[in-house]
Amino acid sequence: MSSVFEELFQQARQSVPLIHASELFSQLSQKNPEVQLIDLREANEYHRGKIAGAIMLPRSRLEIRIEALVKPEDTLVLYCSGEVRSILAAQVLHDMGFHNVSALRGGLTQWVAQGYPCEPCLSEQYLERFEKHVKLPEVGIQGQALLKNARVLIVGLGGLGSPVALYLAAAGIGELGLMDADVVHLSNLPRQILHSTPSLNLPKTWSGAYRLQTLCSDLHLKVFNERLHSGNAAPLIENFDVVVDASDNLETREIINTACVSTHTPWVYGSVSGFEGQVTLLNAPNGPCYRCLWPNPPENLTTSGPLNTAAGIVGLLQANEVLKVLLAHGELLSGRLLLWNSSESRLREILFSKKADCPACGLGT
Ligand SMILES: [Zn+2]
């Protein structure tokens, strides 16, 4: 016996006209398309982008807002992720007096599968949240859309990874990969501000994901509760636009470098010890890599814990560099090693360059 829902849906499906993606694309390609698209998805589905020109009207607000946005005589095409919501919503709009309403067959999923274009979608709420960024000429709507579409992997959720993750999430980065195999210890809390007392003994990835999700609910998170190693690094890193090294060991940096060189991915290096820290951008296009900077692996820095503000400052410099890379703005740190000294409150800079005989990225490799 079919359910009430199935009966309702089948009735709606028989009466609501469906439009194929190819036909919709052809109509939208006309000089003055008469079609008004309505995107019915909820805000947490916007990371896939939207069809250009669509009004973002979540299904949950359809009946309340529709009359303020379009006229009953307008030609409307509704779409959602698949097609169920749009078919049922078209029936509702018909009952409200909108008679030229159809639904996109297969929804955005089919649209994308058939290779038709999407643009980043920034809801009213999103634009309000990032109002100050959008007003910066160096960012604007286009720049904010770049950040929303960006995917950044953070390796290590400790003293450096904490400020990096918090600031990148708050800046509107669309997808963050969080990688750490450790759990939260009491002695972490003074500088690892992503975590808090209730998170003690929980995996740092869980603790971090929870904190970041409360900061920005439409942030997409990928959690990797494991260590980076030579076997998983390249397949993982090729899914990200930028990698942030927030680890605390040389072995991980070597692995990040090798994987970033092979996948042509830029990465932001950072390290901190005591009152001092270092930051640079590595493997930017035509730029030097980690082994160009240190042909022979350097000695491990002392294991003395950093001053908490030193870790925070270095992490913020790393997050700042990620934003510059993604926005293609400013003078990147490629070939410039920044040295921060918290005792002197002073930044110094050492220049370095790509080496033709680099064992990792040189011509012979
Ligand atoms: Zn190199």
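Residues numbered from 1 in each chain as written. Predicted model: local features only at pLDDT ≥ 70, side-chain atom pairs only at ≥ 80, totals over all residues.

Participant: Explain the overall build of the protein to me, please; I cannot follow it from the model alone.
Facilitator: Within the protein, the secondary structure is distributed over 14 helices and 13 strands. Along the three orthogonal principal directions, the C-alpha set of the protein runs to about 75 × 50 × 45 Å. Within the protein, the proportion of its 365 residues that are buried is 41%. If you take every contact in the protein between residues at least 6 apart in sequence, the share linking residues at least 24 apart comes to 67%. (Helix = DSSP H or I, 4+ residues; strand = E, 2+ residues; numbered from the N terminus. Buried ≥ 20, exposed ≤ 12 C-beta atoms within 10 Å, placed from the backbone. Contact = placed C-beta atoms within 7 Å.)

Participant: What am I meant to see in unusual backbone geometry here?
Facilitator: Trans is the prevailing form of peptide bonds, just as negative phi is the prevailing case for residues other than glycine. One non-glycine residue, Asn-201, lies in positive phi territory at about 75°. Relative to the helices and strands, Asn-201 resides in the loop between strand 7 (175-179) and helix 10 (204-215). Asn-201 gets classed as exposed once you count the C-beta atoms within 10 Å, which come to 9.

Participant: I would appreciate a short explanation of the nonpolar core in the present structure.
Facilitator: One finds Val-152, Ile-154, Ala-165 and Val-244 to be the most contacted residues of the largest nonpolar core, which totals 66 residues. In terms of residue count, the dominant contributor to this core is helix 14 (residues 308-327) (10 residues). Excluding anything up to four places from it in sequence, Ala-165 contacts Ile-154, Leu-157, Leu-176, Leu-178, Leu-194, Gly-208 and Leu-212. Counting 28 residues, the second largest nonpolar core, distinct from the first, contains Val-16, Leu-78, Cys-80 and Trp-111. (Core = buried A, V, L, I, M, F, W, Y, C linked by C-beta atoms within 7 Å.)

Participant: What is the right way to read the packing of helix 9 (residues 161-171) against helix 10 from this model?
Facilitator: For any two helices packed against each other, one specifies the crossing angle of their axes together with the interaxial distance. Contact geometry for helix 9 and helix 10: axes closest at 9 Å, N-to-C directions at 30°. Overall, the two elements helix 9 and helix 10 adopt an arrangement that is roughly parallel. Remark: the crossing between helix 9 and helix 10 carries right-handed chirality. Contacts from Ala-165, Leu-166, Ala-169 and Ala-170 in helix 9 reach Gly-208, Leu-212 and Leu-215 in helix 10. Here the contact of helix 9 with helix 10 is built from residues that sort into six nonpolar, one polar and no charged. (Axes fitted to C-alpha atoms, helices over the stretch in contact; angles between N-to-C directions. Parallel < 35°, antiparallel > 145°, perpendicular 65-115°, else oblique. Left-handed = near helix turned anticlockwise from the far one by under 90°. Nonpolar A, V, L, I, M, F, W, Y, C, P; charged D, E, K, R; others polar.)

Participant: Explain the sheet that holds strand 6 (residues 151-155) here, please?
Facilitator: The strands that make up a sheet are held in pairs by hydrogen bonds between backbone atoms, and each pair lies either parallel or antiparallel. On the basis of which strands lie adjacent, the open sheet formed by eight strands has the order 8-7-6-9-10-11-12-13 and mixed pairing. Strand pairing shows two members of the sheet lacking a second neighbour, strand 8 (220-224) and strand 13 (346-351), which therefore form its edges. Geometrically, the sheet is characterised by an average inter-axis angle of 15° between neighbouring strands, direction not taken into account. By the bridge criterion, four bridges tie strand 11 (residues 276-282) to strand 12 (residues 336-341) in an arrangement that is antiparallel. The partner of Gly-277 across the bridge, within strand 12, is Trp-340. Of the strands in this sheet, strand 7 and strand 8 are in contact with helix 10, which crosses strand 8 at around 175°. Where helix 14 meets the sheet, its contacts fall on strand 6, strand 9 (242-245), strand 10 (267-273), strand 11 and strand 12, and the angle it forms with strand 11 comes to roughly 15°. (Pairing = 2+ DSSP bridges.)

Participant: Would you mind going over helix 9 with me for this structure?
Facilitator: An α-helical turn contains 3.6 residues, so a residue and the one three or four places further along point in the same direction. With nine of 11 residues buried, helix 9 lies mostly within the body of the structure. Within the span of helix 9, buried status applies to Gly-161, Ser-162, Pro-163, Val-164, Ala-165, Leu-166, Leu-168, Ala-169 and Ala-171. Of the surrounding elements, those touching the buried residues of helix 9 are helix 8 (140-149), strand 6, strand 7, helix 10, strand 9 and helix 14.

Participant: Sorry, what's going on with the sheet that holds strand 5 (residues 101-104) here?
Facilitator: With respect to topology, five strands assemble into an open sheet ordered 1-5-4-2-3, the strand pairing being parallel. Looking at strand neighbours, the two that pair on one side only are strand 1 (18-19) and strand 3 (55-56), the edges of this open sheet. The sheet contact formed by strand 1 and strand 5 spans two bridges and is parallel. Paired with Ile-19 across the strands is Leu-104, a residue of strand 5.

Participant: What's the story with the packing of helix 9 against helix 14 in this structure? I'm lost.
Facilitator: For the pair helix 9 and helix 14, the least separation of the axes is 8 Å and the interaxial angle reads 40°. Relative to helix 14, the element helix 9 is oriented oblique. For the pair helix 9 and helix 14, the sense of crossing is right-handed. Residues Ser-162, Pro-163, Val-164, Tyr-167, Leu-168 and Ala-171 of helix 9 form the contact with helix 14, whose own contacting residues are Gly-312, Gly-315, Leu-316, Gln-318, Ala-319, Val-322 and Leu-323. For the contact of helix 9 with helix 14, a count of residues per class yields nine nonpolar, four polar and no charged.

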